[in-house]
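So you can see what is in the structure, the chains are spelled out below.
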Amino acid sequence: MSAHAHLPNRVGHLGSLVETFLPWTGLAVPLLLLCALVRRSATAAVAVLLPAVIWCSLFGGMLVDKRAGGGDLTVVTHNVNEHNPRPARTARALAASGADVVALEELGGTAIPECVRTLAHAYPYHSVQGTVGLWSKYPIADARPVDISPWVRAMRTTVRTPKGPVAVFVAHLMSVRFTASSGFTTDDRDAAARRLGAALGAETLPRTVLMGDFNGTFEDMALSAVTSRLRSAQAEAGAGFGFTWPASFPVARIDQILVRGVDPRSSWTLPATDSDHLPVAATLTL
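Reading guide: rules and limits
Residues numbered from 1 in each chain as written. Predicted model: local features only at pLDDT ≥ 70, side-chain atom pairs only at ≥ 80, totals over all residues. Heavy atoms only, no water. Pairing = 2+ DSSP bridges. Helix = DSSP H or I, 4+ residues; strand = E, 2+ residues; numbered from the N terminus. Contact = heavy atoms within 4.5 Å. Axes fitted to C-alpha atoms, helices over the stretch in contact; angles between N-to-C directions. Buried < 20%, exposed > 50% of the residue type's maximum accessible area, 1.4 Å probe, protein only. Polar contact = N/O pair within 3.5 Å; in protein donor to acceptor, adjacent residues only side chain to side chain. Core = buried A, V, L, I, M, F, W, Y, C linked by side-chain atoms within 4.5 Å. Salt bridge = Lys/Arg side-chain N within 4 Å of Asp/Glu carboxyl O. Right-handed = clockwise from strand over helix to strand, strands pointing away. Left-handed = near helix turned anticlockwise from the far one by under 90°. Nonpolar A, V, L, I, M, F, W, Y, C, P; charged D, E, K, R; others polar.

Draft legend 1. Here's a closer look at the sheet that holds strand β6 (residues 154–161). If you trace the 6 strands from one edge of the open sheet to the other, you get β5-β6-β7-β10-β12-β11, paired in mixed fashion. Whereas interior strands pair on both sides, the edge strands pair on one side only; in this sheet they are β5 (140–145) and β11 (231–232). Relative to strand β10 (residues 208–213), strand β7 (residues 164–172) is paired through 6 bridges, and the arrangement is parallel. Paired with Val-170 across the bridge in β10 is Met-211. Against the sheet, helix α7 (residues 187–201) touches β7, β10 and β12 (255–260), its axis set at about 175 degrees to β7.

Next up, the structure:
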């Protein structure tokens, strides 16, 4: 647990695999304690304190409810799932959240016109770039794709809020796979993260929000080209781990709202839709 950042990715991307599910290493603590009790070993019971303390130092802060009221801008992001059987119903659920800005990923087929039609009344401004899109109650400008992959999976736009302009990025990093022969395959995802990190580094607006499906957690060092430039809204203003995938039994937070130049006030997950991801939301002070 304490050396997770030093685990190598050269063989099967072991480091990324471990860091994706790192919070679950805490389950070893009660298991070790049970073993100590079965052996009736006081020394072993005391030794269990070491992994317990390390886990708490890594994740204890996530167990504190840091949500607060107020804020100037509420944002929502959701991977709607390209196989979503009811994209319009999903869009209505997101609009019902009252968010000022909604980012969608994995758009395709009939989902695009259905989402455009469903969200048009609440969000008069929108832009769809490839398989990602953004809907806003406030005017948007300079919408354009961000080159992170062979096809468009990321975009950047300026949202002109009453408190001034905010650069908003929407991204869907490449999927990962786990196979016996090649391990945890993340090369394409990691390359996309490096390109996205370069785009974030070139951003000139001081206030930046990045939303999307990263197919990886904030703790994954392979995504440091992005995560080193931004802060996690969930880590700063959430309650719990905010796991988002899979929606039926979430075990990892791979859907993110990251910020720079703004302060998160609250972060939370929304109820499940017809997607295999949970939507996530945050309220920000500009």
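Draft legend 2. Looking closely at the side chain of Thr-244. Its place among the elements puts Thr-244 in the loop between α9 (233–237) and β12. According to the relative accessible area criterion, Thr-244 is buried, its value standing at 0%. Of note is the side chain of Thr-244, whose polar atom sits 2.6 Å from the side chain of Asp-255. For Thr-244, the contacting residues outside a window of four places in its chain are Pro-250, Ala-252, Arg-253, Ile-254, Asp-255, Thr-269, Asp-276, His-277, Leu-278 and Val-280.

Draft legend 3. Up close: the nonpolar core. Counting residues in hydrophobic clusters, the biggest one holds 20 residues, and the most contacted among them are Val-75, Val-101, Leu-134, Val-209, Met-211, Ile-257 and Leu-284. When residues of this core are traced back to their parent elements, those giving at least two are β1 (73–79), β2 (101–105), β4 (132–136), β6, β7, β10, β12 and β14 (280–285). Setting aside chain neighbours within four positions, we find Val-75 in contact with Ala-99, Val-101, Met-211, Ile-257, Val-280, Ala-281, Ala-282 and Leu-284. Ranked by size, the runner-up nonpolar core spans 18 residues in total, among them Phe-169, Met-174, Leu-210 and Val-226.

Draft legend 4. Local environment of the pattern of salt bridges. For the structure shown, the criterion picks out 9 salt bridges. Among the ionic pairs, Asp-190 bridges to Arg-189, the shortest N-O distance being 2.9 Å. Via salt bridges that share partners, Arg-86, Arg-89 and Asp-274 belong to a single interconnected network.

Draft legend 5. Representation of the side chain of Asn-215 in the model. With respect to the helices and strands, the residue Asn-215 is situated in the loop between β10 and α8 (224–227). Engagement of the side chain of Asn-215 in a polar contact is seen with the backbone oxygen of Leu-173, the distance being 2.9 Å.

Draft legend 6. Molecular detail of the environment of Gly-71. Counting through the fold element by element, Gly-71 comes out in the loop between α4 (49–59) and β1. In this structure the C-alpha to C-alpha distance between Gly-71 and Arg-265, which are 194 residues apart in sequence, comes to 6.1 Å. Residues in contact with Gly-71, not counting those within four places in the same chain, are Arg-265, Thr-283, Leu-284 and Thr-285.

Draft legend 7. Seen up close, the pairing of β2. Among the 5 residues of β2, 5 are classified as buried, and the element is accordingly described as predominantly covered. Side chains Val-101, Ala-103 and Glu-105 project from β2 onto one buried face, and the interleaved Val-102 and Leu-104 project onto a second face that is buried too. Note: β1 against β2, 5 bridges, orientation parallel. In the strand pairing of β2, Val-76 is matched with Val-102. Between β1 and its parallel partner β2, the chain crosses via helix α5 (residues 87–95), and the hand of that crossover is right-handed.

Draft legend 8. Geometry of the packing of α5 against helix α6 (residues 111–119). Where α5 meets α6, the closest approach of the two axes is 8 Å, and the angle between their N-to-C directions is 35 degrees. Considering only the axes of α5 and α6, their crossing is right-handed. Residues Pro-87, Ala-88, Ala-91, Arg-92 and Ala-95 of α5 touch α6, and the partners they reach there are Ala-111, Glu-114, Cys-115, Thr-118 and Leu-119. The class makeup of the residues in the contact of α5 with α6 is 7 nonpolar, 1 polar and 2 charged.

Draft legend 9. Representation of the pairing of β1. Summarising burial for β1: 7 of the 7 residues are buried, a large majority. By the alternation rule, side chains of β1 split into Leu-73, Val-75, Thr-77 and Asn-79 and Thr-74, Val-76 and His-78, which are all buried. Examined bridge by bridge, β1 and β14 share 5 bridges and lie antiparallel to one another. By the bridge assignment, Leu-73 is partnered in β14 with Leu-284.

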